[in-house]
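Topology and contacts: notes
Chain by chain, the residues:
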Amino acid sequence: MTKRPSCLVSLASVAIAVALPAPTASAQAVDTARIEAGGQNDWLTNHGSYKSFNYSPLSQINASNVGNLGVAWIHIPGKSTRGLQSTPLVADGVLYYTGSYSRVFALKGDTGEVLWSYFPELDEALVARQTHSPYNRGVAIGEGKVYVGTVDGRLIALDMKTGKVAWDTKLIDSQKLTVGFTGAPLYAKNTVIIGSQGGEWPGRGPIFAVDAATGKKKWEFLTVAGTDDAQKTWGNDSWRTGGGGGWMPGTYDSETNTILWGTANPAPLYDWSGADFKTQGARPGDNLYTTSVIALDLDSGKLKSYHQELPHDAWDFDSAVGEFLMLERDGQKLVVHPNKSGFVFVYDRNLAVKNVWRMVQNINFVKDIDPKTGELIGRRDFTAGKVESPPLCPYIGGGISWNSGSYNPKTGLYYKIGQEWCMTLEVQKTTPVVAPQVQLNIGADFKMAPPPGGEIYGHLDARDPVTGAKKWEVRFPEPPIASVLSTGGNLVFLPDARGTIHAYDADSGAELWSHSDGTGHQGGIVSYAVGGKQYIAVTAGFGGMLSDDYAANFGGVFKSMPRDDGALIVYSLK
Amino acid sequence: MRLKYCAAVFLRAVLVASLGYAMPAPAQAQTPEDLANFDVNQLFASTCGFCHSDGGRDAGKGPQLMGTQRSDEFMRERIKNGKQGAMPAFGASFNEQQIDAIIIYIRDLKPR
């Protein structure tokens, strides 16, 4: 870690509202307290801090000077099969990010100089058999180490200064099911938490906690029938191959020592039960704890509370996608959590439903969700056969996807992408998958379709996170699928699917700046400062599962866009 | 190619009689009985259809299979070895006869 000269003088020039303590020459360890505090100059966990705002308080780059933004440096990770889905982390002037195949890089945040790199040796034969591969969505950092998951089922810890392996723990036998880890882990209180893929595969979707110092597994929670009570919600032994998983990081609530996590959908994705899903079909019952938000005790992994956002999810609308915004409103502590369906749930800290609002217009898998209770009203449960008129909305890609939204405490607005698309499908009465095996377990042939009477599009909304009231909206011809960043400089940054990064006025939605990054975006975007200078770092590189649909359905630039390339691009004021 | 296709046509007769049976576990000790239980319609609904939209009739994440100009050899290789970053390798999941059945299904695809 380099010593920054004249730190106090440099910091004075950064227009930050809150006064910072003078930084020491060598960095303090990144620990739970630091991640909780959020850090002015840093980005210490996947969603920014445990509040999951995906927000930077920095305002050196702001609405009046963003037109002067230019490229400061670029890094090309190489071997970017399926592009880049990673969100970088930054601590004390060093940026840590991953490319495909869980390749980890530590770069100087001001110059992009590579400090170290680590390329895990993956089981390439296994990778060749996987569907959501070989992407990686980022690392966690804590107590001097960088933690990364792999698609072949391992969690690896690297020394933060040198990149040397501290431990490498195999958590999943990926050979049978081909599932592993694609999401970033979460570090909290000497523990690293990571959730497996699961929904499309006939397994039980584990979430793991590992001792950060030793790499030893502390506990494992099975999202499919992880308790005796939950097992009763899976008829005909369907819990054996139920799906589930928790493939994006949740958050940590230090007040209650709780891990909040979103779980994935059950398998098969599409059921043939018809209305009587409690006793008929491929997996009779509510199918706990799939498509739920769960609260686990950090130390024991025991379930403390939960809310199942979609009981008997018959549409692949995971709760795993959403960030957990930890907000306060009128003295009440709330948790705001978007579900893949396009509904956003508002809970208290015990996961009791306080409100439910729609992010997305084209929803017909239910008529509505009761905002007071979370009860699904007017469900569309299919029997074997065609679903065409009306098509099912939203599409399997969701009304909302795993790319993070951003909450800006200065404007009080939640900036989030909504996706408007639907699908026709033919549900099959597939015979039950009785043992974990290589095949997916989807349950229907399907095809993307436009919304009834309309066109497919995406939109960036500025919403009240609790009521859902919309302040402004910007539309895109294809849904953007990268994360959103908002900053203390009154800016909202959105990297779109065609390859342009946009900056909007956070209050009004007026576009203030844009720049082409050369290829489509499907990853993260963060902001940090080094030596008194603010940077915006964004990954570009298309090709993940959701983006695979774009060339065939939208044509245009997507037909020539590479699906095996990517770069980290970092901007600052010229 | 022609010979293999004719052999496949014979196999189809076997298949037609056996639609609706469960899918076998990954190929280990494959027997003629396993082929009798192999339902490509169900295979598409559970796995292939994730990328080959509408049972293979449309382009989506993967190319349209209906009416493909690709040879049987090409499809066989592709199913076995996949395509890096685009399609998984299914060589460990299916035996030769099952791949024959998949190719027949693809050749037979018609608009709904």
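Refer to the preceding data block for the structure.
What counts and how
- Residues numbered from 1 in each chain as written.
- Chains lettered and ligands numbered in written order.
- Predicted model: local features only at pLDDT ≥ 70, side-chain atom pairs only at ≥ 80, totals over all residues.
- Heavy atoms only, no water.
- Helix = DSSP H or I, 4+ residues; strand = E, 2+ residues; numbered from the N terminus.
- Polar contact = N/O pair within 3.5 Å; in protein donor to acceptor, adjacent residues only side chain to side chain.
- Contact = heavy atoms within 4.5 Å.
- Pairing = 2+ DSSP bridges.
- Axes fitted to C-alpha atoms, helices over the stretch in contact; angles between N-to-C directions.
- Salt bridge = Lys/Arg side-chain N within 4 Å of Asp/Glu carboxyl O.
- Buried < 20%, exposed > 50% of the residue type's maximum accessible area, 1.4 Å probe, protein only.
- Disulfide = S-S within 2.5 Å.
- Buried area = accessible area lost by both parts, 1.4 Å probe.
- Expected span 1.5 Å × (residues − 1).
- Core = buried A, V, L, I, M, F, W, Y, C linked by side-chain atoms within 4.5 Å.

Turning to its location among the elements, D445 of chain A is positioned in strand β29 (residues 444-449). Side-chain polar atoms of D445 of chain A contact the side chain of R112 of chain B, separated by 3.0 Å. The residues contacting D445 of chain A, other than those within four sequence positions of it, are T424, L425, E426 and Q428 of chain A together with F44, A45, G49, D54, G55 and R112 of chain B.

All names here are of chain A. A sheet is described by the order of its strands in space; here four strands give the open sequence β15-β16-β17-β18, paired in antiparallel fashion. Looking at the sheet topology across the chains shown, the edges are occupied by β15 (251-253) and β18 (303-308). Going from strand to strand, the sheet's axes swing by 20 degrees on average, the running direction of each strand aside. In this structure, β15 lies alongside strand β16 (residues 258-262), joined through three bridges in antiparallel fashion. Directly across from D253, in β16, lies its bridge partner T258.

A complete count under the given rule lists 33 salt bridges over all chains for this structure. Measuring nitrogen to oxygen at the nearest pair gives 2.6 Å for the salt bridge that ties E473 of chain A to R475 of chain A. Note on E473 of chain A: relative accessible area 26%, which makes it partly exposed. Accessibility expressed as a relative area gives 52% for R475 of chain A, which makes it exposed. With a closest N to O distance of 2.6 Å, D54 of chain B and R112 of chain B form a salt bridge. Taken together, the residues D54 of chain B in helix α4 (residues 53-56) and R112 of chain B in the segment after α6 (96-107) connect sequence positions 58 residues apart. Using a relative accessible area of 41% as the deciding quantity, one classes R112 of chain B as partly exposed.

Residue and element names in this part refer to chain B. For the structure shown, the criterion picks out one disulfide over all chains. Just so you know, C48 is unpaired, no disulfide at all, and the nearest cysteine sulfur is the one on C51, 9.2 Å from it. Judged by relative accessible area, which is 16%, C48 ranks as buried.

Taken together, the contacts link 34 residues of chain A with 33 residues of chain B. Counting the surface lost from both chain A and chain B, the interface buries some 2,700 Å², and carbon and sulfur atoms represent 53% of this. Of all residues in chain A, Q439, D445 and F446 of chain A bury the most surface against chain B, accounting for 21% of the area lost on that side. The interface formed by chain A and chain B contains four salt bridges.

The next point concerns the environment of K372 of chain A. All names here are of chain A. Tracing the sequence through the fold places K372 in the loop between β23 (368-369) and β24 (376-377). Using a relative accessible area of 68% as the deciding quantity, one classes K372 as exposed. It is 43 Å that separates the C-alpha atoms of K372 and K145, two residues lying 227 residues apart in sequence.

Below, the discussion takes up α6 of chain B. For an α-helix, the turn length of 3.6 residues means that residues three or four places apart are oriented alike. Residues and elements named next belong to chain B. Its twelve residues place the ends of α6 16 Å apart at the C-alpha level, agreeing with the 16 Å of an ideal helix rising 1.5 Å per residue. Most of α6 sits inside the fold, with nine of its twelve residues counted as buried. Inspection of α6 places Q98, I99, D100, A101, I102, I103, I104, Y105 and I106 among the buried residues, and these make up the whole buried set. For α6, the N-terminal cap is N95; the gap from its side-chain oxygen to the backbone nitrogen of Q97 is 3.2 Å.

Here we take up the sheet that holds strand β33 (residues 491-495) of chain A. Residues and elements named next belong to chain A. Read from one edge of the open sheet, five strands run β1-β32-β33-β34-β35, paired in mixed fashion. Two strands close off the open sheet at either side, each with one partner strand: β1 (55-56) and β35 (511-516). Here five bridges tie β33 to strand β34 (residues 500-505), and the two strands are oriented antiparallel to one another. Counted as the bridge partner of L494 is H502 from β34.

Residues Y96, Y270, F493 and Y528 of chain A are the most contacted members of the largest nonpolar core, which totals 156 residues. Take this core: its biggest share by element is six residues, from strand β38 (residues 567-573) of chain A. In this view, Y528 of chain A contacts N41, L58, W73, V90, L95, G109, K533, Q534, Y535, A537 and V570 of chain A; residues no more than four positions away in its chain are not counted. Residues C48, L65, M66 and Y105 of chain B belong to the second largest nonpolar core, which totals 19 residues.

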